[in-house]
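The lines below spell out each chain.
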Amino acid sequence: MPRLIFVNRYFFPDHSATSQILSDLAFDLAAAGRDVHVVSSTQIYDDPKASLPERETINGITVHRVASTQFGRGSLAGRGADYLSFYLSVRKRLATIARRGDFVVAKTDPPLISIIAHGVAKRTGAHLINWLQDVYPETATELRVPLMRSPVGTALSTLRDRSLRAAVATVAVGERMADKVEARGVARERIHVIPNWCDDEEIMPLPAAANRLRQEWGLADKFVFGYSGNLGRAHEFETVLAAAEHLRDDRRFVFLMVGGGSRLAQLHRIASARGLDTVFRFLPYQDRSTLRYSLGVPDAHWLSLNPKLEGLIVPSKFYGIAAAGKPIVVIADQNGELAGLVRQFHCGFAIMPGDADALVAALRDMADRPELVAEMGTQARRMLDDQFTRRRGLKRWRALIDDIAPISLPAR
């Protein structure tokens, strides 16, 4: 039976989104009898100074952790140094682990790690599987990262494309992303769409009266419009900020921001400068054990995506909101994947970035019609149960691995 070697910067006990999804899959495969290895960093997502053990066994999984610089996400230069040092360490460690017939599964944190994995797989006789959470360097190019808008970016695209075409399988987390991959010259039969997931057996719809956090945070009598998770460069907040200004004198509304990220800190500063402290509430990331409660606090949630990044990124927070049974306000391209799902399943609103008037109208509609909120929330959970459960995602991964496993067998 071939070994499975996952490569990602973070793994359990880290609780960042990519780590949680990888940990779920790795634990599931190990429990099914697979020989699973993970190559990751010694760091924790929100604690770059952390130093986890270099090697340990967790629930039957052999974890190999490598050192890297520890500048963190505060600057692009520091982040770049962390990436580069991780690439070098992973290449060295992976070359000592991988052997002929193994499957090396490369995620996309850090970006372009598939280039390193492809090189090692080619030398050792292992098989490459790409697991795309986002598409780089195109994402960085659209975000106007200077180096990526130069010949360096073009060269990286060429190397990345080689790793995509060489892989025995590439897993995309959305249909639009699969289209992007195919456009880079990858055979469609080697592209598999497996959406991300959340812990939908733990995160369940929770009546407001039973949610201790809603009481503790003093929000029992408010209409709470929430955001949960990282708010970074791929997202916009200007539409929500403008809507909050429109509603500053309507005491029914509170805009609850739970999480972190460079743009969340920026929103906090701007909201304070504009005297919106009574409208916004900012709280740090909550422990995973309280996620079902923190996601259950808002009456409705929002997420956003720069329209230029449609097909390059699929915000995974979508699934947690749906699991909590809450209406989803998608501020993104109206022809985008998540906006289409919201319309198809009647579980929220699709708002164009910049259309604050439409967002204000949607918020007032929901605040005036609690039955609409309840129905949209029910529809969101129904959509998740029908399409995006964790069990469904894990089952599709097991089926994929079973389908491609025979290629690792020696020729007779």
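Bear in mind the structure is a predicted one, so any value in this text is a computation, not a measurement.

Q: Help me understand the overall build of the chain, please; the structure alone is not making it clear to me.
A: Across its full length, the chain carries 15 helices and 14 strands. Expected size for 412 residues packed as a compact globule is a radius of gyration near 22 Å; at 22 Å, the chain falls within 12% of this value. Across its three principal directions, the C-alpha atoms of the chain cover 70 × 45 × 40 Å. Among the 412 residues that make up the chain, the fraction classed as buried is 57%.

Q: Sorry if this is basic, but what is going on with the packing of helix α3 (residues 113–124) against helix α5 (residues 151–166) here?
A: Pairs of packed helices are described in terms of their axes, by the angle between the two and the distance that separates them. In contact at an axis separation of 9 Å, α3 and α5 are set at 55° when each is read in the N-to-C sense. The angle between α3 and α5 falls in the class oblique. Two packed elements cross with a definite hand, and for α3 against α5 that hand is left-handed. The residues of α5 that touch α3, namely those facing S114, I115 and H118, are L156, L159, R160, R162, S163 and A166. Taken together, the residues of the contact of α3 with α5 break down into four nonpolar, three polar and two charged.

Q: What am I meant to see in the environment of V145 here?
A: Positionally, V145 belongs in the loop between α4 (138–142) and α5. Exposure remark for V145: the relative accessible area of 17% places this residue in the buried category. Each C-alpha atom, one on V145 and one on D28, is 37 Å from the other, the two residues being 117 residues apart in sequence. Leaving out residues up to four positions away in the same chain, V145 has contacts with A140 and R233.

About the thresholds
Residues numbered from 1 in each chain as written. Predicted model: local features only at pLDDT ≥ 70, side-chain atom pairs only at ≥ 80, totals over all residues. Heavy atoms only, no water. Helix = DSSP H or I, 4+ residues; strand = E, 2+ residues; numbered from the N terminus. Rg over C-alpha atoms; globule rule 2.2 N^0.38 Å. Buried < 20%, exposed > 50% of the residue type's maximum accessible area, 1.4 Å probe, protein only. Axes fitted to C-alpha atoms, helices over the stretch in contact; angles between N-to-C directions. Parallel < 35°, antiparallel > 145°, perpendicular 65-115°, else oblique. Left-handed = near helix turned anticlockwise from the far one by under 90°. Contact = heavy atoms within 4.5 Å. Nonpolar A, V, L, I, M, F, W, Y, C, P; charged D, E, K, R; others polar.

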